Amino acid sequence: MADRPIVLKVLLRQRHLQGHRAFCKEYDKLAKQLDAELVGSWPSKAQFYRWLSRDLRGLPYADHCRVLEAMFPGWTAEQLFQEHTGGIEFVPEPPTATTAPAPKSSATSERGMADVTAVFPSRPAFTHELPPHKLFDNAERISMVGLSLNLLCQSYPDKSLLDLLETGTVVECLFLDPNGQHIREREREEGHPEGVLSTLTALNIQTLHRLHGKLSPEAQPNLRIRTYDEVVRFNITVIDDATCVVQPYLPDARGVESPTIVAEKQTGTPGLFETFTQVFESLWTRGEEITA
């Protein structure tokens with residue numbers, strides 16, 4: 001029973017729209033007819049696949065629901081996110097008005113969590129649900145700040161990163177300075193011998209420098225590396241100005257043990273996405289550029 005798809009997934013598959021890019025094109029087509037301001041407001045890739053895997057606490061935001069209902073006339077948003085009980089090749093028809101369930105109150109939808117779409121108790125729990133390839137594959141811009149940035153430098157294949165950079169993806173990496181004061185303070189706070197975190201960070205920077213040397217001259221500017229020497233408070237990853245992943249650095253705990261928050265940008269809705277993207281921009285501006 002748990003493996004049964006939702007109605008939306010079946011309908012998208014029947015129309016060959018189950019891929020994120022194809023879905024976004026269709027989404028924009030319908031959004032333009034409803035409200036020009038909704039064009040480009042489609043869900044991020046991570047959010048889209050959470051929809052299809054039924055990983056939602058309620059319904060998507062109201063604007064998403066409007067577009068989905070326009071995409072599939074006769075279906076309510078709630079019906080689209082219900083379990084499909086027929087065969088996978090059977091195209092379901094919208095239920096009649098008399099059998100349609102009552103819509104949920106907006107208080108039970110995602111809006112109750114502002115723009116936060118997921119919370120995980122630790123980084124391993126997060127990467128189990130959203131591994132790096134789901135986050136980064138097909139991204140057009142990746143912006144990161146933290147300590148060693150292992151999510152990209154240690155957990156994402158070099159070839160995949162090179163392919164992204166060669167096809168135009170911009171990658172901005174802001175490392176805690178491996179030769180600075182604050183990385184030594186963090187080593188003491190986590191109880192590491194001196195040099196453990198600074199060595200790992202320097203290794204990750206060298207890894208990116210090595211990849212930079214493999215890039216074509218046209219693609220080399222797409223990889224941007226900076227360092228900063230300030231108190232490390234958050235690990236922030238922003239993808240395509242749409243998805244923001246945030247981890248706080250807790251006292252006496254390694255980064256992998258910290259809770260992880262996922263926020264999705266919402267038009268006209270202030271929330272954590274805007275807060276933490278502004279934090280990244282502020283730190284990036286103060287960072288010191290380093291070249292290979």
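Values in this document were obtained by computation on a predicted structure and should not be read as measured data.

Trainee: Is there a simple way to think about the sheet that holds strand β4 (residues 223–228) in this case?
Mentor: Two orientations exist for strands paired in a sheet by backbone hydrogen bonds: parallel and antiparallel. Read across the sheet, 8 strands follow the order β1-β7-β6-β5-β2-β3-β4-β8 without closing on themselves; strand pairing throughout is mixed. The outermost strands of the open sheet, each flanked by one partner alone, are β1 (116–120) and β8 (288–289). Relative to β4, strand β3 (residues 170–176) runs parallel, the two sharing 6 bridges. The residue bridging V171 from the neighbouring strand is L223, located in β4. The sheet strands contacting helix α11 (residues 196–214) are β3 and β4, and the helix crosses β3 at an angle near 155°.

Trainee: What am I meant to see in unusual backbone geometry here?
Mentor: The bulk of non-glycine residues show a negative phi, and the bulk of peptide bonds are trans. Of note, N138 is a non-glycine position whose phi angle comes to about 75°, a positive value. With respect to the element layout, N138 can be found in the loop between α7 (132–136) and β2 (141–145). Residue classification places N138 among the partly exposed residues on the basis of a relative accessible area of 41%. Unusually for a residue other than glycine, L149 sits at a positive phi of about 55°. For L149, the position within the fold is in the loop between β2 and α8 (150–153).

Trainee: Quick question: what am I supposed to make of the nonpolar core here?
Mentor: The tendency in soluble globular proteins is for nonpolar side chains to be buried as a group. By size, the foremost hydrophobic cluster in this structure holds 32 residues, and its most contacted members are F136 and L208. Looking at this core, the elements that each hand over two or more residues are β1, α7, β2, α8, α9 (158–166), β3, α11 and β4. Among the elements that take part in this core, α9 stands out by supplying 4 residues, more than any other. Setting aside residues up to four positions removed in sequence, L208 forms contacts with C153, L161, C173, F175, L223 and I225. Judged by nonpolar contacts, the second largest core, of 24 residues, contains L11, W51, F72 and W75.

Trainee: Help me out: how do you make sense of the packing of helix α2 (residues 20–34) against helix α4 (residues 62–71) in this one?
Mentor: For any two helices packed against each other, one specifies the crossing angle of their axes together with the interaxial distance. Here α2 crosses α4 at 95°, and the two axes come no closer than 9 Å. When the axis of α2 is compared with that of α4, the two are roughly perpendicular. Residues F23, E26, Y27, L30, A31 and L34 of α2 touch α4, and the partners they reach there are D63, H64, R66, V67, L68, A70 and M71. Grouping the constituent residues of the contact of α2 with α4 by class yields 9 nonpolar, 1 polar and 3 charged.

Trainee: Explanation requested: the pairing of β2 in the structure shown.
Mentor: For a regular strand, side-chain orientation follows a simple rule: the groups alternate between the two sheet faces. Counting buried positions over the 5 residues of β2 gives 4, a clear majority of the element. Note: β2 against β3, 5 bridges, orientation parallel. In the strand pairing of β3, I142 is matched with V171.

Trainee: Can you walk me through the state of the cysteines in this structure?
Mentor: A covalent bond between the sulfur atoms of two cysteines is what we call a disulfide. Taken as a whole and judged by the stated rule, the model has 0 disulfides. With no disulfide of its own, C153 lies 5.5 Å from the sulfur of C173, the closest cysteine sulfur.

Trainee: Explain the environment of L11 to me, please; I cannot follow it from the model alone.
Mentor: On the secondary structure map, L11 appears in helix α1 (residues 7–14). Distance in space between the C-alpha atoms of L11 and F72 is 8.3 Å, their sequence separation being 61 residues.

Trainee: Quick question: what am I supposed to make of α9 here?
Mentor: In an α-helix, one full turn covers 3.6 residues, which means residues spaced three or four apart are oriented alike. Looking at α9, one finds that the buried residues are L161, L162, L164 and L165. Buried residues along α9 cover an arc of 160° about the axis, so they all sit on one side. On its buried side, α9 packs onto α7, β2, α8, β3, α11 and β4.

Rules used in this analysis
- Residues numbered from 1 in each chain as written.
- Predicted model: local features only at pLDDT ≥ 70, side-chain atom pairs only at ≥ 80, totals over all residues.
- Heavy atoms only, no water.
- Pairing = 2+ DSSP bridges.
- Helix = DSSP H or I, 4+ residues; strand = E, 2+ residues; numbered from the N terminus.
- Contact = heavy atoms within 4.5 Å.
- Axes fitted to C-alpha atoms, helices over the stretch in contact; angles between N-to-C directions.
- Buried < 20%, exposed > 50% of the residue type's maximum accessible area, 1.4 Å probe, protein only.
- Core = buried A, V, L, I, M, F, W, Y, C linked by side-chain atoms within 4.5 Å.
- Parallel < 35°, antiparallel > 145°, perpendicular 65-115°, else oblique.
- Nonpolar A, V, L, I, M, F, W, Y, C, P; charged D, E, K, R; others polar.
- Disulfide = S-S within 2.5 Å.
- Arc of directions from axis to C-beta.

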